[in-house]
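# Coordinate analysis (summary)
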Amino acid sequence: MIKELDIHGCTTIEARKLIKEALKDQNISVLRVIHGYHSDILMKMVRKEFRTHPRVDYIELSMNKGLTDLVIKKGFL
């Protein structure tokens, strides 16, 4: 299951907390983080900090620069 999380308008602290909470959901296989791209602060935070999160297998980028998919490790489904 793909879960979408829109963090537009959040501070990095708020966004980090929301993403960590969403990653606790055991039913997801992908967390699609919608961060926007005009101000790349949130995008850089998501791609840097969650690349090494214990539940994240890898980060998948799309043609849409405003979102990042965090793909969950298979053993964590």
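Preceding block: the structure.
Everything numeric in this text was worked out from a predicted model, so none of it was measured.

### A closer look at the environment of Leu-23
Among the secondary structure elements, Leu-23 is positioned in the loop between α1 (12-22) and β2 (30-34). Along the backbone, Leu-23 and Arg-55 are 32 residues apart, and their C-alpha atoms lie at a distance of 7.2 Å. When residues no more than four places from it in sequence are discounted, the contact partners of Leu-23 are Leu-31, Phe-50, His-53, Arg-55, Val-56 and Ile-72.

### Describing the pairing of β2
Looking at chain direction, strand β1 (residues 2-6) and β2 are connected through five bridges and run parallel. Opposite Lys-3, over in β2, you have Leu-31 as the bridge partner. In this sheet, strand β4 (residues 67-72) lies alongside β2 in antiparallel orientation, the contact comprising five bridges. Its bridge partner being in β4, Arg-32 is matched across the sheet by Asp-69.

### Considering the side chain of Arg-47
Topologically, Arg-47 is positioned in helix α2 (residues 41-49). In this structure, Arg-47 is buried with no salt-bridge partner, the nearest side chain bearing the opposite charge being Asp-40 at 8.6 Å. With residues up to four places along the chain from it excluded, the contact list for Arg-47 reads His-35, Ile-59, Leu-61, Lys-65, Leu-67 and Thr-68.

### Points about the pattern of salt bridges
If you walk through the whole model with that rule in mind, you get six salt bridges. A network of salt bridges, in which partner residues are shared, links Glu-4, Arg-32 and Asp-69.

### Observations regarding the nonpolar core
Across soluble globular proteins, nonpolar side chains show a tendency to be buried alongside one another. Ile-7, Ile-19, Leu-31 and Leu-70 are the most contacted members of the largest nonpolar core, which totals 18 residues. Residue assignment for this core shows that the elements contributing at least two residues are α1, β2, α2, β3 (56-61) and β4. Dropping the residues within four chain positions of it, Leu-31 is found in contact with Lys-3, Leu-5, Ile-19, Ala-22, Leu-23, Thr-68, Asp-69 and Leu-70.

### Examining the packing of α1 against α2
Relative to each other, α1 and α2 sit at 40 degrees, their axes nearing to 10 Å. When the interaxial angle is binned, α1 and α2 end up oblique. The interaxial crossing formed by α1 with α2 has right-handed handedness. Mapping the contact onto sequence places Thr-12, Ala-15, Arg-16 and Ile-19 in α1 and Ile-41, Leu-42, Met-45, Val-46 and Glu-49 in α2. Considering only residue class, the contact of α1 with α2 consists of six nonpolar, one polar and two charged.

What counts, and at which threshold
- Residues numbered from 1 in each chain as written.
- Predicted model: local features only at pLDDT ≥ 70, side-chain atom pairs only at ≥ 80, totals over all residues.
- Heavy atoms only, no water.
- Helix = DSSP H or I, 4+ residues; strand = E, 2+ residues; numbered from the N terminus.
- Contact = heavy atoms within 4.5 Å.
- Pairing = 2+ DSSP bridges.
- Buried < 20%, exposed > 50% of the residue type's maximum accessible area, 1.4 Å probe, protein only.
- Lys, Arg positive; Asp, Glu negative; His and termini not counted.
- Salt bridge = Lys/Arg side-chain N within 4 Å of Asp/Glu carboxyl O.
- Core = buried A, V, L, I, M, F, W, Y, C linked by side-chain atoms within 4.5 Å.
- Axes fitted to C-alpha atoms, helices over the stretch in contact; angles between N-to-C directions.
- Parallel < 35°, antiparallel > 145°, perpendicular 65-115°, else oblique.
- Left-handed = near helix turned anticlockwise from the far one by under 90°.
- Nonpolar A, V, L, I, M, F, W, Y, C, P; charged D, E, K, R; others polar.

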